[in-house]
Amino acid sequence: MAKSTSRFVCQSCGAGSPKWGGRCEACGEWNSIVEEAITPRPGPAAKVGVGKRVAFVDLAGNAEPPPRCPTGIAELDRVLGGGLVPASAVLVGGDPGIGKSTLLLQAAACVARTGRAVFYISGEESIEQTRMRARRLGVHDAPLQLAAAINLRDIAASLQAAGDAALVVIDSIQTMWLDAIDSAPGTVAQVRASSFELIQLAKAGKFALVLVGHVTKDGAIAGPRVLEHMVDAVLYFEGDRGHQFRILRAVKNRFGATDEIGVFEMTDRGLAEVANPSALFLAERRGNVTGSAVFAGLEGTRPVLVEVQALLSPNPSGTPRRSTIGWDGGRLPMLLAVLESRGGMRLSATDVYLNIAGGLRVSEPAADLAVAAALVSAATDQPTNADMVYFGEIGLSGEVRQVAQADSRLKEAAKLGFGQAMLPRRVARGNRAVAPPDGLELTEIGHISDLVSRFTPNSADST
Ligand code: TYD
Ligand code: MG
């Protein structure tokens, strides 16, 4: 029987299927299935003889922390967990135009300036274009080795010949092409095989490998998601091109903490580090507006204050809209339901729009209380206290629950000049009495109705 020589692979999630379909059954993406040639596999292991023995070792050994090569960009180093790790691979994903090439060229130049051998291989831009960018970024004098290439065999040979690389940047993995694979660059098969080759090179040559990967909705280019399990760290570059802020977030890191973020600002001279993101996110806040509350959040180990904005508008049609930007869209209906049934608010015939100002994406349940405050403020048409920050998780019975690291949130609020904080009732654990930072007045609440009653003193009778 003739064996089929091709199969159909979803370019978004990498799932294979024997026939073409308009929608991937594994991930639900539309128009992402592309025919790819099957590369013949070597026969079963039995034919090539018995395998070699694998050496087993004890679990207890001297496991030293991996050596680090700081990039010199503090925000990037923080997300990496202290710097690049030799013989490891990092994937930097993000929408096209978000600033991946800019950041990596800046980082590569910084590392090159410390005297290490750095190779920047661009498959997307010509040497001239990269040079122009470097000039704009003010890094054109860095001793960095630049090449425009896509053929992986050539790249591998050149890197092996160079020998002493400390950092290799591949921009982007979707442009790389391995001639042994019979599919176009950017397909899952090519992206996987090229990455595998490059990662092997990095392990052998003990250099840090950074792969750039585009995330697009367009099925023509393989989503870097298929690579996530192959690399040691995955960083996503988030942000809105309409905003100046860019957030680099670690979603996987074998050598450090995840959920750590780095905040950058896109300027006309490249990406500038933002050492104090709270000040930036609150810069355009106007006091005494209804529907606005400041959330004292935590991103990784770092406290970040952001403004939560809510806008309500009556919708008598019966199918109100609920729309969120920067917050979990599934949590909003829950919170509205809690406010209705436990807080006595009437919100079911109102459109609700919720926005996290500045383009940050908040995923912590601790934001519930700030969101609730913004909603109640909008609903009652009374501004929240502009001098107050909010944090706390809200449960289905309306209880306000403890969240992690209240102390660092409060410290950040005090640092930015806030005078008050509303938070869950704190339980002193053992002797560890919790003292608020100087100058910060705490309002501890246990139930959502405590929040509602601050806006409508007679809410119990009036609703
Ligand atoms: P780029 O790094 O090319 O994005 P990616 O590699 O993720 O596709 O970033 C391109 C955008 O950044 C582009 O819209 C122009 C803008 N930019 C600046 O605003 N300032 C700069 O100094 C540079 C180099 C780019
Ligand atoms: Mg680019």
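Residues numbered from 1 in each chain as written. Chains lettered and ligands numbered in written order. Predicted model: local features only at pLDDT ≥ 70, side-chain atom pairs only at ≥ 80, totals over all residues. Heavy atoms only, no water.

For the rest of this paragraph, the subject is the site of ligand 1. Near ligand 1 lie 16 residues; those nearest to it are Gly97, Lys100, Ser101, Thr102 and Gly270. Here Arg136 contributes a side-chain N or O atom positioned 3.2 Å from a nitrogen atom of ligand 1. Contacts to ligand 1 include Asp268, whose backbone N or O atom sits 3.3 Å from an oxygen atom. Contact with the protein chains hides 77% of the accessible area of ligand 1, taken as 550 Å² for the molecule alone. For the shell around ligand 1, the elements supplying multiple residues, two or more each, are α2 (100-113), α3 (127-137) and β11 (261-267). A class-by-class count of the residues in the shell around ligand 1 yields 4 nonpolar, 6 polar and 6 charged. (Near = heavy atom within 4 Å. Polar contact = N/O pair within 3.5 Å; in protein donor to acceptor, adjacent residues only side chain to side chain. Areas by Shrake-Rupley, 256 points an atom, 1.4 Å probe, with all protein chains shown as cover. Helix = DSSP H or I, 4+ residues; strand = E, 2+ residues; numbered from the N terminus. Nonpolar A, V, L, I, M, F, W, Y, C, P; charged D, E, K, R; others polar.)

On to the layout of surface pockets. Its volume calculated, the largest pocket comes out at about 740 Å³. Every residue lining the largest pocket is counted, 34 residues in all, and those nearest its centre are Gly239, Asp240, Gly359, Leu360 and Arg361. When its residues are assigned to classes, the lining of the largest pocket shows 14 nonpolar, 10 polar and 10 charged. (1 Å grid on protein atoms, 1.4 Å probe; cavity = no way out; pocket = protein on both sides within 12 Å on 5 of 7 lines; lining within 4 Å. Points joined across faces, edges and corners; volume = space filled by probe spheres on them.)

Right, let's get into the packing of aromatic side chains. Geometrically, a pair of aromatic rings is defined through the distance of the ring centres and the angle of the planes. By the definition in use, this model includes 2 aromatic pairs. Ring centres 6.1 Å apart and planes at 90° place the aromatic pair Phe237 and Phe264 in the edge-to-face group. Residue Phe237 is found in strand β9 (residues 233-238), and its partner Phe264 is found in strand β11; the two are separated by 27 residues along the sequence. A centroid spacing of 5.5 Å and a plane angle of 80° characterise the contact between Phe245 and Phe281, whose relative ring orientation is edge-to-face. Highlighted residues: Phe245 in strand β10 (residues 245-253) and Phe281 in helix α6 (residues 277-281), separated in sequence by 36 residues. Grouping residues by exposure puts Phe245 and Phe281 together as buried. (Phe/Tyr/Trp six-rings, centres within 6.5 Å; stacked < 30°, edge-to-face > 60°. Buried < 20%, exposed > 50% of the residue type's maximum accessible area, 1.4 Å probe, protein only.)

A few words on unusual backbone geometry. Cis geometry is adopted by the peptide bond preceding Ser172, which originates at Asp171 and carries an omega value of 0°. Within the fold, Ser172 resides in the loop between β7 (165-171) and α5 (188-205). You will see that Asp381, though not glycine, has its phi angle at about 60°, which is positive. Looking at where Asp381 falls in the secondary structure, it is placed in the loop between α8 (368-380) and β17 (388-390). Judged by its relative accessible area of 57%, Asp381 is exposed. You will see that Gln405, though not glycine, has its phi angle at about 55°, which is positive. Relative to the helices and strands, Gln405 resides in the loop between β19 (400-401) and α9 (406-415).

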